[in-house]
Amino acid sequence: ILNVEQSPQSLHVQEGDSTNFTCSFPSSNFYALHWYRWETAKSPEALFVMTLNGDEKKKGRISATLNTKEGYSYLYIKGSQPEDSATYLCASLREKLTFGTGTRLTIIP
Amino acid sequence: KAGVTQTPRYLIKTRGQQVTLSCSPISGHRSVSWYQQTPGQGLQFLFEYFSETQRNKGNFPGRFSGRQFSNSRSEMNVSTLELGDSALYLCASSLGGARYEQYFGPGTRLTVT
């Protein structure tokens, strides 16, 4: 993998369901992996910064894991709520911070 | 604590003109980074400044330049504007650079006609 890739591009989830999405990044010269939530008409908001292989971080109903050896991170949202609707961005730090194009999550009430 | 502020919020310019955008970081943050977002593209890294020095630069032409002042405020300048420069320009501040959480401003929406 040469770039930061996120999948899926978009996702519709029923309120109350859990969901997850993927960020793939180059595993060489890795320093850190960031996750951000970007709601419409707002600024991107930091969720997590992870640096170590096997890192797991949690904030409320949202958690993330990191595998630096194979170059991927998962973001999990448990019991989705309408306020979780946003675009979720990941970014990999090698020489510079490189962002993926995001996963657009829509929660259906 | 006040967040990152950017001015102006909206700007309309004509091809060939130049523009200066401003970013005031969170108090105590010494790193400021700039990003460009265009439809269909992720956030594209422009440059990062730390303590008035450019620490890193993205793959943008020399028409894009920046600077940081002693109070950590940063400006970005684009000369000889092209239609393709129309974008949302975001700045982000952090304590020490890209290993830390980035705090984003609201952005400047630049339209080039």
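For the structure given in this document, a descriptive report is provided here. Bear in mind that the values here come from a model prediction, so they are computed numbers and not experimental data.

Right, let's get into the state of the cysteines. What is meant by a disulfide is a covalent connection between two cysteines, made through their sulfur atoms. Evaluated as defined, the whole model comprises two disulfides over all chains. Between the sulfur atoms of Cys23(A) and its disulfide partner Cys90(A) the distance amounts to 2.0 Å. Taking the torsion about the S-S bond as the criterion, the Cys23(A) to Cys90(A) disulfide, at about 80°, is right-handed. With Cys23(A) in strand E3 (residues 19–24) and Cys90(A) in strand E9 (residues 86–93), this pair connects stretches of sequence that are 67 residues apart. The side chain of Cys23(B) participates in a disulfide bridge whose partner is Cys91(B); the two sulfur atoms lie 1.9 Å from each other. The sign of the 65° torsion about the S-S bond sets the Cys23(B)-Cys91(B) disulfide as right-handed. Residue Cys23(B) is located in strand E3 (residues 19–24), and its partner Cys91(B) is located in strand E9 (residues 87–94); the two are separated by 68 residues in the primary sequence. For the residue pair Cys23(B) and Cys91(B), the accessibility class agrees, reading buried in each case.

Applying the stated criterion across every chain, the model contains eight salt bridges over all chains. A salt bridge links Arg37(A) to Glu45(A); the nearest nitrogen and oxygen atoms lie 3.5 Å apart. Of the residues examined, Arg37(A) reaches a relative accessible area of 15% and is grouped as buried. You can call Glu45(A) partly exposed: its relative accessible area is 36%. For Arg67(B), the salt bridge identified is with Glu75(B), shortest N-O distance 3.3 Å. Residue class for Arg67(B) comes out partly exposed when judged on its relative accessible area of 46%.

Bringing the nonpolar core into the picture now. If you look at the biggest cluster of nonpolar residues, it comprises 22 residues, and the most contacted ones within it are Phe21(A), Leu33(A), Trp35(A), Phe48(A), Leu75(A), Tyr88(A) and Leu105(A). Taken together, the elements giving at least two residues each to this core come down to strand E2 (10–14), E3, strand E4 (32–38), strand E5 (45–50), strand E7 (62–67), strand E8 (72–77), E9 and strand E11 (103–108) of chain A. Membership of the second largest hydrophobic core comes to 21 residues, among which are Val19(B), Cys23(B), Phe60(B) and Val112(B).

A few words now on the pairing of E3(A). Residue and element names in this part refer to chain A. Most of E3 is tucked away: five of the six residues are buried. Where strand E1 (residues 5–7) lies against E3, three bridges are found, and the strand directions are antiparallel. Within E3, the position partnered with Glu5 by the bridge is Ser24. Sheet topology note: the E3/E8 ladder contains six bridges and is antiparallel. Opposite Phe21, over in E8, you have Leu75 as the bridge partner.

Take the sheet that holds strand E7 (residues 64–68) of chain B next. All names here are of chain B. Strand order in the open sheet made by the four strands is E1-E3-E8-E7, with antiparallel pairing throughout. In the strand order of this sheet, the two ends are held by strand E1 (5–7) and E7, each with one partner. Strand-to-strand twist in this sheet, taken as the mean axis angle between neighbours without regard to direction, amounts to 20°. As judged from the three bridges shared by E1 and E3, these two strands associate in the antiparallel manner. Note on E3: the bridge partner recorded for Thr7 is Ser22.

Right, let's talk about unusual backbone geometry for a bit. Pro8(A) follows Ser7(A) through a cis peptide bond whose omega is -5°. Tracing the backbone shows Pro8(A) in the loop between E1 and E2. Residue Pro8(B) is reached from Thr7(B) by a cis peptide bond, and omega for that bond is -10°. Position of Pro8(B) relative to the elements: it lies in the loop between E1 and strand E2 (10–13). At Asn29(A), a position not held by glycine, the phi torsion is positive, near 50°. Tracing the sequence through the fold places Asn29(A) in the loop between E3 and E4. Assessed through its relative accessible area of 59%, Asn29(A) is described here as exposed.

Rules and cut-offs
- Residues numbered from 1 in each chain as written.
- Chains lettered and ligands numbered in written order.
- Predicted model: local features only at pLDDT ≥ 70, side-chain atom pairs only at ≥ 80, totals over all residues.
- Heavy atoms only, no water.
- Disulfide = S-S within 2.5 Å.
- Helix = DSSP H or I, 4+ residues; strand = E, 2+ residues; numbered from the N terminus.
- Buried < 20%, exposed > 50% of the residue type's maximum accessible area, 1.4 Å probe, protein only.
- Salt bridge = Lys/Arg side-chain N within 4 Å of Asp/Glu carboxyl O.
- Core = buried A, V, L, I, M, F, W, Y, C linked by side-chain atoms within 4.5 Å.
- Pairing = 2+ DSSP bridges.
- Axes fitted to C-alpha atoms, helices over the stretch in contact; angles between N-to-C directions.

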